[in-house]
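A closer look at the structure
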Amino acid sequence: FLEANSFAVQNQIDRIESSAIRASNRVLRQDRWAANPKGISGTIELEVMSKGFGLLLKHMLGTVAITTPSGATTARLHTHTLGDTYGLGLTVQGGVPDVAATVQPFSWLGCKIGEWTLSNEVDGILMLGLNIDGASETTAQSLASAAYASSVELLTFAGGTVTVAGSQFDVRSFSLTGNAGLKTDRYFLRGSSTKKEPIPAALVDLSGQIEAEFEGLTAYN
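Below or above, wherever it landed, is the structure these notes cover. (Residues numbered from 1 in each chain as written. Predicted model: local features only at pLDDT ≥ 70, side-chain atom pairs only at ≥ 80, totals over all residues. Heavy atoms only, no water.)

Another point: the overall build of the protein. In terms of helices and strands, the protein carries two helices and 14 strands. Radius of gyration (C-alpha) of the protein: 22 Å, far over the 17 Å computed for a compact globule of 221 residues. Based on the C-alpha atoms only, the size of the protein along its principal axes is roughly 80 × 45 × 35 Å. With 221 residues in all, the protein has 23% of them scored as buried. Contacts in the protein between residues at least 24 apart in sequence constitute 64% of all its contacts with a sequence separation of at least 6. Carbon and sulfur atoms make up 52% of the accessible area of the protein, which totals about 14800 Å². Positive and negative side-chain charges of the protein, numbering 16 and 21 respectively, have mean locations separated by a distance of 18 Å. (Helix = DSSP H or I, 4+ residues; strand = E, 2+ residues; numbered from the N terminus. Rg over C-alpha atoms; globule rule 2.2 N^0.38 Å. Buried < 20%, exposed > 50% of the residue type's maximum accessible area, 1.4 Å probe, protein only. Contact = heavy atoms within 4.5 Å. Areas by Shrake-Rupley, 256 points an atom, 1.4 Å probe, with all protein chains shown as cover. Lys, Arg positive; Asp, Glu negative; His and termini not counted. Charge placed at Lys NZ, Arg CZ, Asp CG, Glu CD.)

So, in structure tokens, the structure goes:
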């Protein structure tokens, strides 16, 4: 369970409409169109904390190796690297209160993280933005009872460092964006309108921005 600053996820449903001509017909008949579900897409923004983000990082990058540092007992080192995300999928649930204060469960199935952004700035908290793509939405699943990790700490700018060419570099802000290059429109004539799992169809694109003072030509070069 994660504390989200915002989430905006949309269930996309198109229409398949008949274009046939019929005598004395001036509007589309109610039996001449069909719903065409096209999956779900949306964004989630979170403040990155000291616990609970290992699963998301794995789905963002693809692989993770977890080791125990020398002399440690409960501490673990998570090393995330770029890898194949095929076979990885998430069910994401959001509880949305209606006007009568009843929390309605929206569950999004078969989700992949197609794009993500990590960012931080002076006086700020490390932020994570996720673009998710999913197969379908349901409101039939029960709302899970929230249980949050204990002793969680914020990751603020005060504990962050940025290195350039192996050396620490003083920056005012930075952002790093990754795009997995997934093909998300894998629809086929196969007795179902649900799309197949998105697969990598392009190189992973990594880009970002760093804002710093002009300290000389070393970093500039």
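What sets the pattern is the α-helix's 3.6 residues per turn: residues three or four places apart point alike. Within the sequence span of helix α1 (residues 54-61), burial applies to Leu56, His59, Met60 and Leu61. Buried residues in α1 make contact with β2 (33-47), β3 (62-67), β4 (77-82), β5 (90-97), β6 (103-121) and β7 (127-134). Taken from the residues just after α1, glycine 62 is the one with a positive phi, measuring 120°.

Quick look at the pattern of salt bridges now. Considering all chains together, one arrives at six salt bridges under this definition. Here arginine 29 ties to aspartate 31 by a salt bridge, and the two come within 3.0 Å at their closest N and O atoms. One salt bridge connects aspartate 133 with lysine 195, and the closest N-O pair in it is separated by 2.7 Å. A residue pair is termed long-range when its members are at least 10 positions apart, and aspartate 133 in strand β7 and lysine 195 in the loop between β12 (182-183) and β13 (199-200) qualify at 62 residues. As far as burial versus exposure is concerned, aspartate 133 and lysine 195 are alike and both buried. Several salt bridges share partner residues, and in doing so they unite Arg29, Asp31 and Arg32 into one network. (Salt bridge = Lys/Arg side-chain N within 4 Å of Asp/Glu carboxyl O.)

In this section: the packing of aromatic side chains. Following the criterion strictly, the structure yields two aromatic pairs and no others. On the numbers, 6.4 Å between centres and 65° between planes, the contact of phenylalanine 1 with tyrosine 148 is edge-to-face. Taken together, the positions of phenylalanine 1 in the segment before β1 (4-17) and tyrosine 148 in the loop between β8 (136-138) and β9 (163-164) put the pair 147 residues apart, joining distant regions of the chain. Taking the relative accessible area as the measure of exposure, phenylalanine 1 reaches 52% and is therefore exposed. Judged by centre distance (6.1 Å) and plane angle (65°), the ring pair of phenylalanine 7 and tryptophan 108 falls under edge-to-face. (Phe/Tyr/Trp six-rings, centres within 6.5 Å; stacked < 30°, edge-to-face > 60°.)

A surface patch of nonpolar side chains, amounting to about 340 Å² of accessible area, comprises Leu82, Leu176, Val204 and Leu206. For leucine 206, a relative accessible area of 47% translates into the label partly exposed. (Patch = residues over 30% accessible without salt bridge, like charges linked within 9 Å, V, L, I, M, F, W, Y side chains within 5 Å.)

As a further point, take the nonpolar core. Of all hydrophobic cores here, the largest spans 21 residues; its most connected members are Leu56, Ile113, Trp116, Leu128, Leu130 and Ile132. Of all the elements in the fold, those that place two or more residues in this core are β2, α1, β5, β6 and β7. No other element matches β6, which puts five residues into this core. Excluding anything up to four places from it in sequence, leucine 56 contacts Leu2, Leu46, Leu90, Ile113, Leu128 and Leu130. (Core = buried A, V, L, I, M, F, W, Y, C linked by side-chain atoms within 4.5 Å.)

Right, let's get into the side chain of histidine 59. Considering the arrangement of structural elements, one finds histidine 59 in helix α1. Excluding anything up to four places from it in sequence, histidine 59 contacts Thr85, Leu88, Gly89, Leu90 and Ile113.

Here arginine 76 shows up in the loop between β3 and β4. For arginine 76 and threonine 218, which are 142 residues apart along the polypeptide, the C-alpha to C-alpha distance reads 36 Å. Those residues in contact with arginine 76 that sit more than four places away from it in its chain are Ile66, Thr67, Thr68 and Pro69.

By themselves, these figures tell us nothing about what the structure is for.
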